[in-house]
Amino acid sequence: MRVIVPLQGVVQGRGGLVLGSVIPCALFYLLQLYFKRHRSEPTPPPQTLTEVSELNRSLSRTHLSPRGSSAPACVSTRANSIVKSSDSPFYVGLKRVSEDPYDELSNPEGVIQLGLAENKLSLDLARDWLAETAKDSILSGGGSSGPLSMAGIANYQASDGLVELKVAVAGFMSQVMERSISFNPSQIVLTAGATPAIEILSFCLADTGNAFLVPTPYYPSFDRDLKWRTGVEIIPVPCRSADNFNLSISALDLAFDQGKKRGLKVRGIVISNPSNPVGNLLNRETIYTLVDFAREKNIHIISNEIFAGSTHGSEEFVSMAEIIDSEDLDRDRVHIVYGLSKDLCLPGFKVGVIYSSNENVLAAAKKLSRFSSISAPTQCLVISMLSDIRFIQKFIQTNRERLQRMYTKFVAGLKQLGIECMRSSGGFYCWADMRGLIRSYSEKGELELWNKLLNIAKINVTPGSSCHCIEPGWFHCCFTTLTEQDISVVMERIRKVSETCKSPR
Amino acid sequence: MNHSRSRRNPTREPDFPTVKPPSPGGSSSGGAGAAMRLIVPLQGVVQGRGGLILGSIIPGALYYFFQLYLKRCRSAKPNSNPPSPSSSSAQLADLSRSSSRSNLSSRGSVGPVRVSARANSIAKPNASPYYIGLEMASEDPYDRFDNPDGIMQLGLSENRLSLDLIETWILENLERSMIGGADGHLNISGIATYQPLDGMMEMKIAVAGFMSQVMGTTVSFDPSRLVLTSGATPAIETLCFCLADQGNAFLVPTPYYPGFDRDMKWRTGVELIPVHCRSSDNFALSVTALDQAFNQARKRGQKVRGILISNPSNPIGNMLNKETLYSLLDFAREKNIHIISDEIFAGSTYGSEEFVSMAEILESEDFDKNRVHIIYGLSKDLSLPGFRVGVIYSFNTSVLAAAKKLARFSSVSAPTQRILISMLSDTRFIQRYIETTRERIKKMYVAFAAGLKQLGIECTKSSAGLYCWADMSGLIRPYNEKGELELWDKLLKIGKINITPGSACHCIEPGWFRCCFTMLAEEDIPVVIKRIQRVVET
């Protein structure tokens, strides 16, 4: 009987003030307090809910069934979201191509790859060099001559890269970036590709829940590299076709303030220079205003310069490293990402570079490189390749010429179809304006066209929406996986689709 | 520059008043209209007057709603900052600092730019004697001829006993393996271009074959359940990301490999709960200890997501028998948690005892396979740590799917994969290699343990690994961690040998040391023993 008394008091309005109001009120309050305490101990609240339900289930199951089989073991929330994260058209397209790749002779009906920024124009040069020197370079531990050093490739090596490779990469970087800057090998951390280089910088510069400003359109994989495991967020800073997709400081400022209003702590700006997917370069003036902006807000700059050597215009490439060289004040906030996947056409080798003057970042990145080190035989191979100055010089020059030729041909082909490209001078791609071909001027219309190009015309291009472009109808087309003969095939295929698009108008 | 700054400052200052109002807003809403009213209920409470409604119920209800509001506010943005109290307060602190600085100094130079809190804690200098020893030994390495007074490395479990075999193979086959087919035409697109991030299929097949060869041919490994990473280190980290969220925990029997503290915790935000094993049980794992640790963690409100075991164990060198494996699986099922089984030393056995892989147990009986994940690599059993090849083998499709996507952060380079594909496919070479290596490890183990025994130092009975677990508790002065570290320091600086103290492995009993003997040549053993003797005698 007693147990019901206070409740009775509440429900029926009887039971006096103490029993009817104060006691239930206090009880309820204590109960809430108890819940609150319980909830805030294990970190993210939504999880605890699932955990609780699961625990009950497994317990009751074990009680019920004599075999004692319990609920299936569940994986972490972050793994679940990685598994479930729906692939953007960028990844869908890549997968389609890998399943049914075009080949002039053996699979002429296959899908042509224009979605992957990979350069196959100068593979023959790399092949000739490798065929001649691969064996010796691995066996001699990267030196040009000398006895076999098994220990140099089989044993544990420094996880952030061999010093010889750092020296070689630093030399290559200044060669590629036109010699005006010299890179200090002790400020280099090598990683297994530029992808982990970006992730490690994201870990080092921001904590979970912090954010980076990233000008759009941006490389679709930033959504994975900067965010997935780090818990960092991206605040897009929209650039528009009216400005030739150039970055404006007022847009940055606006995005920064918006982030602040949302309670997000902005820790840095991530830029790609030469930009991917547009292909334009940042001029010196923009770079200085960027640095001013970063100083004013006291934030970092990550400059992704992986296409630095793959320029094809007359415009001059200016590296952020010039800032590190000249301005004392801002050294600590500028970090450069580089790699050999684009400029040396060796994505399979997986060599990425973090270049920073910030001692804390370097120390942390060196320790984190244990999670993505490059294997020693590959390092030896690259050391001797990069040390062959004559080969490298010839390679860079020839590669630029071929890139220029392909770019001109490809853009001219598109122009014949009435598709204009943004003027660009770097990268393996052009940024094509197909606004005239989409039926509804929206993301939906853009994806419809992308779908048609992929499934009817069988060419895989990346729609602007995958790059978070704010304007629909722009497409990223990489032309360096093609041969020159392929260009006419691509144009023919696009023409077929574009005709069906235009007819209903 | 100054221009823009002077323009911006005035806009920033008014920011403060506009930011602040929300906090007093809640209480002043009643006070705005009638400032007197606000004090009345409080008066009632403090002075015990004001009647029951004004004095108790209203403040009670207000307080309750206030709590409710706080609670909601906190759970509203859960993923934005999970380690909320500490990090958010730190953020607030440096926000206000940087803005006040820029207001003060006319030059507008702000404070030094900060790195993330996690980078700060990672960048701190090494505190563990394991890493300090490794660093010192690498700076002044012993060499019989060039540097006879250098530090001898017994702290790194690397096998250099069979490098000659590998060398011969590479001299003969390197060209063929990289350049490809008999026509001598280099297949450049198989090396230079983008490859699957989680490893080439040929490589997975070769590795799966090697694993069953090493673990006794009774088990077969399915190549489609493999994910390759650049070393076992990222393999462990990737699994940790996949199985646990920030703030969750893993049970780890001690003593354990010192690197786990980095691999499992650093970037994942996961915690390790040590489960102590004792010398009186020969450091064997007991399920009661596991159970106790599990319950204690639960009482602390920690969610345990799995157990991490090394089999063969590192640093002890003993193996888990079938019975223990069964009871581990039962325990994991009862608690509904995962098991990560680190089997990277599976092939480096030298005793008569047989190694049993978790995969073998799962194949034979009807257990829930979804919760078992195996770590492997070629660094120990194939003596190729420089090649950086690690393996995740899992039966769980979600884990595999996530791990494949995460492999983008730690891929193995293509030339290395090409070399290994042809090395591992050379079954005759591999067979001979495994046999010879086992014999050589055994010989070294016997010679090394005998040498220690002469000094009165006993080792735990072990049958696998590249090390022994030596009991030097008789040699330490105060019987505690301090005494152990003093001995370690003496051995490193006077004896010039680097071994790993048990405390670096979280061993609960002081005086145990891990000594790796596979970096030595046979002639080095007397030198090591002499050096230890010199220290012991002082």
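Notes on the structure follow. (Residues numbered from 1 in each chain as written. Chains lettered and ligands numbered in written order. Predicted model: local features only at pLDDT ≥ 70, side-chain atom pairs only at ≥ 80, totals over all residues. Heavy atoms only, no water.)

### Here's the deal with the overall build of chain B
So, point 1. Scanning chain B for helices and strands turns up 20 helices and 13 strands.
So, point 2. Taking all 538 residues of chain B together, 56% fall into the buried category. (Helix = DSSP H or I, 4+ residues; strand = E, 2+ residues; numbered from the N terminus. Buried < 20%, exposed > 50% of the residue type's maximum accessible area, 1.4 Å probe, protein only.)

### What about helix α14 (residues 322-335) of chain B?
Residue and element names in this part refer to chain B.
So, point 1. A rise of 1.5 Å per residue sets the reference length of α14, with its 14 residues, at 20 Å; its end C-alpha atoms lie 20 Å apart and thus fit the reference within 8%.
So, point 2. If you check which residues of α14 are buried, you get T324, L325, L328, L329, F331, A332 and K335. In a view along the axis of α14, the buried residues occupy a sector of 160 degrees, so they form one face of it. Those residues of α14 that are exposed and angled more than 90 degrees off the buried face are E323 and E334.
So, point 3. Tucked inside the fold, the buried residues of α14 contact β3 (249-254), α13 (287-299), β5 (304-310), β6 (338-342), α15 (358-364) and β7 (372-377).
So, point 4. Of the residues flanking the end of α14, it is N336, one or two places downstream, whose phi is positive at about 55 degrees. (Expected span 1.5 Å × (residues − 1). Arc of directions from axis to C-beta. Contact = heavy atoms within 4.5 Å.)

### A word on the pairing of β6(B)
Residue and element names in this part refer to chain B.
So, point 1. Burial analysis of β6 places five of its five residues in the buried class, the great majority of the element.
So, point 2. Bridging between β5 and β6 involves five bridges; their strand directions are parallel. In the strand pairing of β6, I307 is matched with I339.
So, point 3. As paired elements, β6 and β7 share four bridges and run parallel to each other. Within β7, the residue paired with D342 across the bridge is I375.
So, point 4. Chirality of the crossover, the property in question, places the unit of β6, α15 and β7 among those that are right-handed. (Pairing = 2+ DSSP bridges. Right-handed = clockwise from strand over helix to strand, strands pointing away.)

### Quick notes on the environment of B:L400
Residues and elements named next belong to chain B.
So, point 1. Topologically, L400 is positioned in helix α16 (residues 397-406).
So, point 2. L400 sits 27 residues away from H373 along the chain, and the two C-alpha atoms are 9.8 Å apart.
So, point 3. Not counting residues within four places of it along the chain, the set of residues in contact with L400 comprises S224, R225, V227 and S394.

### Here's the deal with the nonpolar core
So, point 1. Within the largest apolar cluster, 165 residues are counted, with the highest numbers of intra-cluster contacts made by A:L213, A:M320, A:L386, B:I170, B:L251 and B:L382.
So, point 2. In terms of residue count, helix α6 (residues 123-139) of chain A provides more of this core than any other element does, eight residues in total.
So, point 3. Ignoring any residue separated from it by four or fewer positions in sequence, one finds A:L386 in contact with A:L165, A:A168, A:V169, A:F172, A:L340, A:L344 and A:I392.
So, point 4. Of all hydrophobic cores here, the second largest spans 152 residues; its members include B:Y130, B:A232, B:C240 and B:M264. (Core = buried A, V, L, I, M, F, W, Y, C linked by side-chain atoms within 4.5 Å.)

### Looking at the sheet that holds strand β4 (residues 233-238) of chain A
Residue and element names in this part refer to chain A.
So, point 1. Strand order in the open sheet formed by seven strands is β2-β8-β7-β6-β5-β3-β4, with mixed pairing between adjacent strands. Only two strands of the sheet have a single partner each, and these edge strands are β2 (188-191) and β4. Here the strands of the sheet are splayed against their neighbours by 25 degrees on average, with no regard to which way each runs.
So, point 2. Relative to β4, strand β3 (residues 211-216) runs parallel, the two sharing six bridges. The residue bridging A211 from the neighbouring strand is E233, located in β4.
So, point 3. Sitting on the sheet, helix α8 (residues 163-176) is in contact with β2, β7 (334-339) and β8 (352-356), with an inclination near 100 degrees to β2. (Axes fitted to C-alpha atoms, helices over the stretch in contact; angles between N-to-C directions.)

### Some words on the sheet that holds strand β8 (residues 390-394) of chain B
Residue and element names in this part refer to chain B.
So, point 1. Ordered by their spatial adjacency, seven strands build an open sheet running β2-β8-β7-β6-β5-β3-β4, and the pairing between neighbours is mixed. Each of the sheet's edge strands pairs with one partner strand only, and the pair in question is β2 (226-229) and β4 (271-276). The sheet shows a mean angle of 25 degrees between the axes of neighbouring strands, taken without regard to direction.
So, point 2. Examined bridge by bridge, β3 and β5 share three bridges and lie parallel to one another. Within β5, the position partnered with A249 by the bridge is V304.
So, point 3. Each of β2, β7 and β8 touches helix α10 (residues 201-214); the most contacted strand, β2, lies at about 100 degrees to it.

### Some details on helix α5 (residues 89-99) of chain A
So, point 1. Listed as buried for α5(A) are A:P89, A:F90, A:Y91, A:G93, A:L94 and A:V97.
So, point 2. Buried residues along α5(A) sit against β1 (112-113), α10 (222-225), α17 (443-455), β11 (459-460) and β12 (462-463) of chain A.

### What about the packing of aromatic side chains?
So, point 1. Under the definition given, this model contains 33 aromatic pairs over all chains.
So, point 2. Ring plane angle 85 degrees and centroid distance 5.8 Å describe the contact between A:F245 and A:W431, whose orientation is recorded as edge-to-face. With A:F245 in the loop between β4 and α11 (249-261) and A:W431 in strand β10 (residues 429-433), this residue pair connects regions lying 186 residues apart in the sequence.
So, point 3. Of the residues examined, A:F245 reaches a relative accessible area of 5% and is grouped as buried.
So, point 4. For the ring pair B:F210 and B:Y376, a centre distance of 6.5 Å and an interplane angle of 45 degrees mean the geometry is tilted. Within this pair, whereas B:F210 is found in helix α10, its partner B:Y376 is found in strand β7, the two being separated by 166 residues in sequence.
So, point 5. Through successive ring pairs, a cluster of aromatic residues spans A:F90, A:Y91, A:Y218, A:Y219 and A:F222.
So, point 6. Of note, A:R224 hangs over the ring of A:Y91, and the distance from its end group to the ring centre comes to 3.5 Å. (Phe/Tyr/Trp six-rings, centres within 6.5 Å; stacked < 30°, edge-to-face > 60°. Lys NZ or Arg CZ within 6 Å of the ring centre and 35° of its normal.)

### Brief notes about the pairing of β10(A)
All names here are of chain A.
So, point 1. For β10, the buried fraction is high: five of the five residues fall into the buried class.
So, point 2. Going residue by residue along β10, you find Y429, W431 and D433 tucked away on one face and C430 and A432 tucked away on the opposite face as well.
So, point 3. Pairing between strand β9 (residues 420-421) and β10: two bridges, direction antiparallel. What sits directly across from C421, in β10, is A432.
So, point 4. Note: β10 against strand β13 (residues 474-478), five bridges, orientation antiparallel. By the bridge assignment for β13, D433 is matched with W474.

### Some words on the side chain of B:S413
So, point 1. Position of B:S413 relative to the elements: it lies in the loop between α16 and α17 (414-425).
So, point 2. Judged by relative accessible area, which is 3%, B:S413 ranks as buried.
So, point 3. Side chain to side chain, B:S413 and B:T416 meet in a polar contact 3.1 Å long.
So, point 4. Every residue in contact with B:S413, bar those within four places of it in the chain, is listed here: A:G348, A:F349, A:K350, A:S375 and A:T378. (Polar contact = N/O pair within 3.5 Å; in protein donor to acceptor, adjacent residues only side chain to side chain.)

### Topic: the packing of α10(B) against α17(B)
All names here are of chain B.
So, point 1. Direction vectors running N to C along α10 and α17 enclose 40 degrees, while the axes themselves pass 9 Å from each other. In this view, α10 runs oblique relative to α17, as classed from their interaxial angle. Note that α10 runs across α17; the crossing there is left-handed. Counting all contacts with α10, which are made through E202, M203, A206, V207 and F210, the residues of α17 involved are Q417, R418, L420, I421, L424 and S425.
So, point 2. Across the contact of α10 with α17, the residue classes tally to seven nonpolar, two polar and two charged. (Parallel < 35°, antiparallel > 145°, perpendicular 65-115°, else oblique. Left-handed = near helix turned anticlockwise from the far one by under 90°. Nonpolar A, V, L, I, M, F, W, Y, C, P; charged D, E, K, R; others polar.)

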